[in-house]
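One-letter residues, chain by chain:
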Amino acid sequence: ARGAKMKYVVVTGGVVSGLGKGVTASSVGVLLKAGGWRVTNIKIDPYINIDAGTMSPFEHGEVFVLDDGGEADLDLGNYERFIDTNLTRDHNITTGKIYQAVIAKERKGEYLGKTVQVIPHVTDEIQDWIGRVSKLPVDGTQDEPDVCIIELGGTVGDIESMPFIEALRQFQFRVGSDNFCLIHVSLVPVVGAVGEQKTKPTQHSVQALRSAGLSPHMLACRSQEPLGQPVLDKLALFCHVTPDCILNLCDVSNIWHVPLVIQEQGGHLAVMRQLKLDFRKLDLDSWAHRAHKWDTVTQPVNVAIVGKYVGLGDSYLSVTKALMHAAIAADRKLHVVWVEAGKLENASLGEDPAGHADAWASVRGADCVLVPGGFGERGMEGKVLTAKYARENNVPFLGICLGMQAAVIEFSRNVMGMTGAHSTEMVPDCAEPAVIFMPEGSTTHMGGTMRLGSRRTFFQTQECKSAKLYNSQPFVDERHRHRYEVNPDIVDKLEAAGCVFVGKDDTNRRMEILELDDHQFFVATQYHPEYKSRPNRPSPPFMGLILAASGQLEGYLTPDAVAARVGTPGGFVQSPMKAM
């Protein structure tokens, strides 16, 4: 009932990192939301950084940007996509944020002369933060959530997570046992040629957690193959949980199956029992349809992603998820081809001719090309060459943030004759700057100083492809993360030559959406549309890219098709063929 005490589900991890705590937490949220409860999420990252904004994607994967401009861990993207919420920067707790808050209070004198210590001051700050943020509405209404799912990053036993473990130990007594459910995600590996599933790592992980004062109510055991009954019985015996509270999360064909697997094993019932929630029938029909449809579509669409961080797929996690959302809606099987931008450059021809040839073969063999965001000089010329290839060969192209800037540089050089065109990010003394540093940006501090968060883009015409993809709305609110922008002094010349900026900000001087005349689909955005893509509401620019690559775009953009989408949930028709 509304006004009842907040319920908390805590998800911890053991043995190794990267087991899927975020997907597990998100999946539990899907199940609770399907039962009619309002769900929110908090991610705890024990690193000392204030946020993820200054870290390389190779460290922790992509930086996920929130509506309020918070630069957060990629798991917040998982939460938003699975549960369809809009979180805030405060939903991502870090050691840096906690100590910053504690030290600020100490400087104000709020501790009344006390010696400031990890216990109780840091642990109290953690608990107070959780209690405050868990009550923030996140689903577009003004109602407080019913259940808050907290994921503790890292692995039990890490030295940096100890204050958070202790805070959660205290927190279980602050909120009461009926309002606290702890799920521990662990690994059951197979060792040796015999293929025996080993429980000892999970036993030791639970032992470490219990020695810190937290006893799991449920285990979520990751494995390649289903666990045998003797293994489940052994885990129950030595880990102090009942057999019906052990979930076996073995590998599945796509992550949309995970909530269904947990439901099939009665995990939702175990959570409801522990939290004293009334038992409800779950509405998972649309979720199950999506999970099974992904497995059954067969007609492929090949997307070449040309980027700088392609060595780690999580670097572009939201991009790949947005492509998945669009592909499943377009009845296509997504096949992503990763291309390192540097391999496309002329310099790599002498250094690695085979790699250079393979990279260009991948680009030329794709149905469409996507150049995502990024920073720095490495690979920039490869992105520019990719934009040139797509423009000259009428290949569907989507550029995002730096991808848009690369497209502008390419057009300036090869169409307008500005042979020295570049970005002042890479060439500070560029004679013909096509991309410049934004006036309000900081030149001394890096963290949190970019143009961040949700900003409004106004369409300059309703006849462009982008406006039709957004169902003829006059404006859109999308999330940004950039320090550099298209040089407004050359915009008139660009547009006269056919590079049209169909979306601009409220000042009319900041370019947001680019389209090329006489091209089947060449769209680039300064904002990051991938951050707001949802499984049931694909991002319009990604939808346009996939439809163009699969020969379905023209019918999707007819006046009748656009009119049919207006008024549907999210302004989207599940099968684009129905709106043609």
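Just so you know, these numbers come straight off a predicted model, no measurement behind them. (Residues numbered from 1 in each chain as written. Predicted model: local features only at pLDDT ≥ 70, side-chain atom pairs only at ≥ 80, totals over all residues. Heavy atoms only, no water.)

Asks: Would you mind showing me how to read the domain arrangement of the protein here?
Replies: Interfaces are often sized by the amount of accessible area the parts lose when they come together. Here the protein is partitioned into domain 1 (7-290) and domain 2 (298-578). Its C-alpha centre places domain 1 at a distance of 34 Å from the equivalent point of domain 2. Counting from both sides, the interface comprises 23 residues of domain 1 and, opposite them, 31 residues of domain 2. Around 2,300 Å² of area is buried between domain 1 and domain 2 when both sides are counted, 56% of it from carbon and sulfur atoms. Linking domain 1 to domain 2 there are six salt bridges. Linking domain 1 with domain 2 are 16 residue pairs in polar contact (both at pLDDT 80 or more). For the side of domain 1 that touches domain 2, the secondary-structure elements that each account for two or more residues are α2 (57-60), β3 (64-65) and α3 (75-83). Sort the elements by how many residues they give to the side of domain 1 that touches domain 2 and α3 lands first, with three residues. Class assignment of the residues belonging to the side of domain 1 that touches domain 2 gives a composition of nine nonpolar, seven polar and seven charged. (Domains from an automatic or database assignment. Contact = heavy atoms within 4.5 Å. Buried area = accessible area lost by both parts, 1.4 Å probe. Salt bridge = Lys/Arg side-chain N within 4 Å of Asp/Glu carboxyl O. Polar contact = N/O pair within 3.5 Å; in protein donor to acceptor, adjacent residues only side chain to side chain. Helix = DSSP H or I, 4+ residues; strand = E, 2+ residues; numbered from the N terminus. Nonpolar A, V, L, I, M, F, W, Y, C, P; charged D, E, K, R; others polar.)

Asks: Help me understand the UniProt feature "domain: CTP synthase N-terminal" (unreviewed entry) in the protein, please; the structure alone is not making it clear to me.
Replies: As recorded in UniProt, the sites labelled "domain: CTP synthase N-terminal" (unreviewed entry) are residues 7-277. Within residues 7-277, the helical portion is 41% and the strand portion 18%, while the C-alpha atoms at the span's ends are 9 Å from each other. (UniProt positions renumbered as here; feature names shortened; annotations may be inferred.)

Asks: Before we go on, may I ask you to explain helix α19 (residues 540-549) in this structure?
Replies: What sets the pattern is the α-helix's 3.6 residues per turn: residues three or four places apart point alike. Here α19 lies mainly inside the structure; 10 of its 10 residues are buried. Along α19, the positions that sit buried rather than exposed are P540, P541, F542, M543, G544, L545, I546, L547, A548 and A549. If you follow the buried residues of α19, they end up packed against β12 (300-307), α12 (317-329), β14 (368-371), β15 (397-400), α17 (465-469) and α20 (553-556). Count one or two residues on from α19 and you reach G551, which has phi positive near 75°. (Buried < 20%, exposed > 50% of the residue type's maximum accessible area, 1.4 Å probe, protein only.)

Asks: Please clarify how the sheet that holds strand β16 (residues 421-423) should be interpreted in this entry.
Replies: By way of backbone hydrogen bonds, the strands of a sheet pair with one another, either parallel or antiparallel. The mixed open sheet is built from three strands, whose spatial order is β16-β17-β20. Edge positions in the sheet fall to β16 and β20 (484-486), since each has one partner strand and no second. Strand after strand, the sheet turns through a mean of 30° between neighbouring axes, direction not considered. The pairing of β16 with strand β17 (residues 432-437) spans three bridges and is classified as parallel. When the bridges of β17 are listed, H422 appears paired with P433. (Pairing = 2+ DSSP bridges. Axes fitted to C-alpha atoms, helices over the stretch in contact; angles between N-to-C directions.)

Asks: Just to check I follow, could you spell out the packing of aromatic side chains for this structure?
Replies: The geometry of an aromatic ring pair is captured by two quantities: the separation of the ring centres and the angle between the planes. Counted according to the given criterion, the structure contains 11 aromatic pairs. Seen in terms of ring centroids, Y8 and F171 are 4.8 Å apart; in terms of plane orientation they differ by 80°. Their pairing is edge-to-face. Of this pair, Y8 sits in strand β1 (residues 7-13) while F171 sits in helix α6 (residues 162-175), placing them 163 residues apart in sequence. F171 gets classed as buried once you look at its relative accessible area, which sits at 2%. An aromatic cluster is present here, built from Y309, Y316 and W338 joined pairwise through their rings. Taking NZ or CZ as reference, R132 lies 5.1 Å from the ring centre of W129, over its face. (Phe/Tyr/Trp six-rings, centres within 6.5 Å; stacked < 30°, edge-to-face > 60°. Lys NZ or Arg CZ within 6 Å of the ring centre and 35° of its normal.)

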